[in-house]
Structures are given as structure tokens and as C-alpha cells.
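Observations on the model geometry
The residues making up each chain are set out below.
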Amino acid sequence: MAEVKLFRAWSSPFPLRIVWALEVKGIEYDMIYEDLSNKSSMLLQYNPVYKKVPVLLHKGKPISESLVILEYIEETWKSKTPSLLPGDPYQRAMARFWAKFGDDKILPLIWEAFIKQGKDQEEALIAAHENLKYLEVELRGKKFLGGETVGFADLTFGWLANLVSVFEEIAGVTLIDHEKFPLLLTWMKNFMDAPKIRETWPPRDKLINHFRALRETLIAKEPK
Amino acid sequence: MANSSCSDVKVLGAWPSPFVTRVRIALNIKSVKYEFLEEALGSKSQLLLQSNPVYKKIPVLIHGGKPISESLIIVQYIDEVWSSGPSILPSDPYDRAIERFWAAYVDDKIFPSMKLINTAQGEEKAAIVEQVTEGLVLLEEAFQKSSKGKAFFGGDRIGFLDIAFGSMLGWLRAIEKMGGVKLLDEAKTPGLVQWAESLCADGAVKGIIPDTEKLVEFAKILVKMKGVPLGKN
């Protein structure tokens, strides 16, 4: 029984970051799958504030919020390589900046573009592209945002590699096109092929079914 | 890295911004001298646009010509660079995680709701006040656990969460005054009431958190200008 447990939902991108971090650093852990429509009393006990996944349980102590958990993993298992964050404080600040930027300015907009239709979808996509441009520039001359190996910011953007093509297939719209974002698409491919990342990829057909059903539910709820 | 010359460290900011306050408190804790470049209300300097092209917002710390944005990221940078000074984050990874968690909670839940109190009315206002109060009760519990009977979240000295939440005290008081509401009170959040006093009296904080009256006047100006965001970083 590992001293590390991770509460996750199989399809959610946030716990997946933690799975990747633990795998990449070779940390042993037990996975506990949650049904988000029927949350366990354990989850509610360990994350009473948000009641969400991921929650990392280490020696019985819970940590919530994916970016907080990533920092915790990096600091607790210092000797386990590769490091997720560089040593230089300025580079660390940059990695944290891009990670937060992704969560605040890209993920919500791509999600909007996926679940909305018509004008709402168009506007979300335009806004997403405006922000993705910064990421495209940042990727110049780099294999990963972390350099030669996957790092903190790469893990937080990993959902792009995982979910964008799924969203595109379901919604029938191009979210990230080859002409505008060649470096980003290359990065997505490199991320998917990185050691330890591929093995933990949720099955694509399951993702398609799950997010298609979710999208239909959300669209049905929209006021006409 | 010990002493930097004043010109080495610049802060782009504005006095009313609680996010800028965070950076200044952190630099004070480390006894770092810096040049404060005040942004004028309603306009953004070339330096700001150049230094933070992604968000075009304050605060920005410019250290040796290199810009860093996002207040909590800046505070962590300050802690890491001036490592010989008093620590801002605790040393234990779990304690650090707890402080980061609650700092993010302040930014994601407390401050956005607090701002809404200004413009809300009637039932909606009461509901928001209740929401904020509940959030503050959670912070009170976190404070009791984290401080272990000492004055601050960080213990004997001001730390990361003290800075993250403490920076909001100016606006919290102003919003209490403008809205005729009580957010921190002896009954529900006794620890935080005491904490707030200790924090504002601390050497690193004195003079940085703006006067309640000044902020109330400033809020009126913002309303007249319409659409200028309230202290967002």
C-alpha cells in the first residue's frame, strides 16, 4: 500500500497532471477513482472547501488544487528526477506564470468554444487564439516549455494534447489549426510521446463518448 | 544574492492595488530597496506594456531588467532570490501547500466576492456578504491551525498567507464602510480580528496598506470613471 494516494476522475484533466507528475518522477502511488456525480465521503472529508479532484493524500495529509499539488510533489521528492521546475528563480517564476496563464486564459476559453455554439463559440475561439499566440511565441526554440524534458508548465498544458482533438471531433470545429499554431501542434505531439506520459493516456473512444454526452447535456440546458 | 542597488529593483504599481501591496510588503520583509514607479489611473505606461505584454497589469517587478508578473508569483520569486533574508514561505512542504492553497482561495473566492458587495443591493447583497463571511470563517479556522497560538499565519513573523490575505485588509475595511457591513468580527472571526491589528502594526506593512478613507474616496472616483477594474492584478 503506497503512502501516496491520488483521488481522481478518469476523464478530468486536472488530476491527470498529477498522474503525469507522479509517473514522470517515479513516485509510487495508489489511484482512487471518483464518480463526480456521486462523490465519496472520503473526498468530501479531504477537500471540504472545493469538493473536487485532484486530492493528493500523503501520509494521511490531504492537498488540493492541482498547481499546489505539483509544487508539493516537487518539494517533497526533491531527489527524484527529473525536476519539474528549474533551479533559477527567474525561470521558476516564468514556469509558474505560464502555468497560471494556461489555467486562467486558455483552458476556460477552449472549454467555452467546445460547449457553446454559434456566435458564443466564435467569440470564445477568437479570445482563445489571442491568448494561444503568446504560447506559440514562448515555444520558439524549445522542445518543451521546461526545456529538453517535460516540466511544470508542460504538465499544466498537457490537457491540450489530450483533449483538443477530442473536442474538435465532437464539436466539428478546428480549435487549434496548423497554420496559426505550428509550434503548439508540434509541442502537443512531443508531449504525448514523452516518456511516462503516453502510458497514462485515457482511452480516446471513452473520452469522446464522455465529452460528447457532457456537451449535449450542457447545450440542452442553454436558454434558447 | 545580498544587496541590490535601488535601480536594480523596480516595482510598477499603484497605491490602491492590494496586489501591488503584496509585492511591497515582501520586499520590505527582505529589506530590499526598490524604485516604485506609480502608474497613472486610466492609462498604462510604455514600460508596463513592454514588461507585461500578456496581461498589461500591475504589479510588475523588474529585477536587473527582467520583468516578473502576477503578485503571488512575484512574492515567491522575492522569497527565492533574497534567500538570506527572513523566509516568507515556511520550510515544510505541507505547510507551504496549505499557505498556497489559502492564498489562491483569497484570490479565487474571497476578493472577487468582496468586490461585488460594492455594487450589489438588497437580497443579492445579503447573499454575497454571507458568502464572504463563510469564506472568512474558513480562513479563521485555517488561521487557528496555522498560527498555533502565534500572531500570524506564518507564526511569529509575517509569511506568504499573511501577505496574500493581509494585502486585502485595506479594501476589506473600505468595503465594510461603504457597504455598511461587517466582514471581520469578534464573534465569528476573533483570531483574524486580532491578526489584522498585528499585521497592520508590523514594520514591514506600516504605511503600505492604504487608509480606509483614501480607498473610499478612490472607489468613488472609480465609479465616476466607470469600467475601470478595482485593483485587479
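Residues numbered from 1 in each chain as written. Chains lettered and ligands numbered in written order. Predicted model: local features only at pLDDT ≥ 70, side-chain atom pairs only at ≥ 80, totals over all residues. Heavy atoms only, no water.

The name an unreviewed UniProt entry assigns to chain B is Glutathione S-transferase, from the organism Carya illinoinensis. The UniProt entry for chain B carries the following text under Sequence similarities (unreviewed entry): "Belongs to the GST superfamily. Tau family." (UniProt positions renumbered as here; feature names shortened; annotations may be inferred.)

Looking at an unreviewed UniProt entry, chain A carries the name glutathione transferase, with the source organism given as Carya illinoinensis. According to the UniProt record, the Catalytic activity (unreviewed entry) comment for chain A reads "RX + glutathione = an S-substituted glutathione + a halide anion + H(+)". Per UniProt, chain A carries the Sequence similarities (unreviewed entry) text "Belongs to the GST superfamily."

1. With respect to the packing of helix H1 (residues 13–24) of chain A against helix H6 (residues 152–171) of chain A
Residues and elements named next belong to chain A. At their nearest, the axes of H1 and H6 sit 9 Å apart, and the two run at 115 degrees to each other. If you check the angle between H1 and H6, you find them roughly perpendicular. Note on packing geometry: the crossing formed by H1 with H6 is right-handed. Residues Pro 13, Leu 16, Arg 17, Trp 20 and Ala 21 of H1 pack against Leu 155, Thr 156, Gly 158, Trp 159, Asn 162 and Leu 163 of H6. Residue classes in the contact of H1 with H6 are distributed as seven nonpolar, three polar and one charged. (Axes fitted to C-alpha atoms, helices over the stretch in contact; angles between N-to-C directions. Helix = DSSP H or I, 4+ residues; strand = E, 2+ residues; numbered from the N terminus. Parallel < 35°, antiparallel > 145°, perpendicular 65-115°, else oblique. Left-handed = near helix turned anticlockwise from the far one by under 90°. Contact = heavy atoms within 4.5 Å. Nonpolar A, V, L, I, M, F, W, Y, C, P; charged D, E, K, R; others polar.)

2. Digging into unusual backbone geometry
A cis amide bond links A:Val53 with the next residue in sequence, A:Pro54, at an omega value of 5 degrees. Secondary-structure assignment places A:Pro54 in the loop between helix H2 (41–46) and strand E3 (55–58). Even without glycine at this site, B:Ser31 takes up a positive phi of about 55 degrees. Within the secondary structure layout, B:Ser31 lies in the loop between helix H1 (18–29) and strand E2 (35–38). Residues other than glycine seldom take positive phi values, yet B:Lys148 does so here, at roughly 50 degrees.

3. With respect to the sheet that holds strand E2 (residues 30–33) of chain A
Residue and element names in this part refer to chain A. Pairing is mixed across the open sheet formed by four strands, whose spatial order is E2-E1-E3-E4. Two strands lie at the open edges of the sheet, namely E2 and strand E4 (61–64), each paired on one side alone. Neighbour-to-neighbour, the strand axes of this sheet turn through a mean angle of 20 degrees, independent of strand direction. Relative to E4, E3 is paired through four bridges, and the arrangement is antiparallel. Paired with Val 55 across the strands is Ser 64, a residue of E4. Where H1 meets the sheet, its contacts fall on strand E1 (4–8), E2 and E3, and the angle it forms with E1 comes to roughly 150 degrees. (Pairing = 2+ DSSP bridges.)

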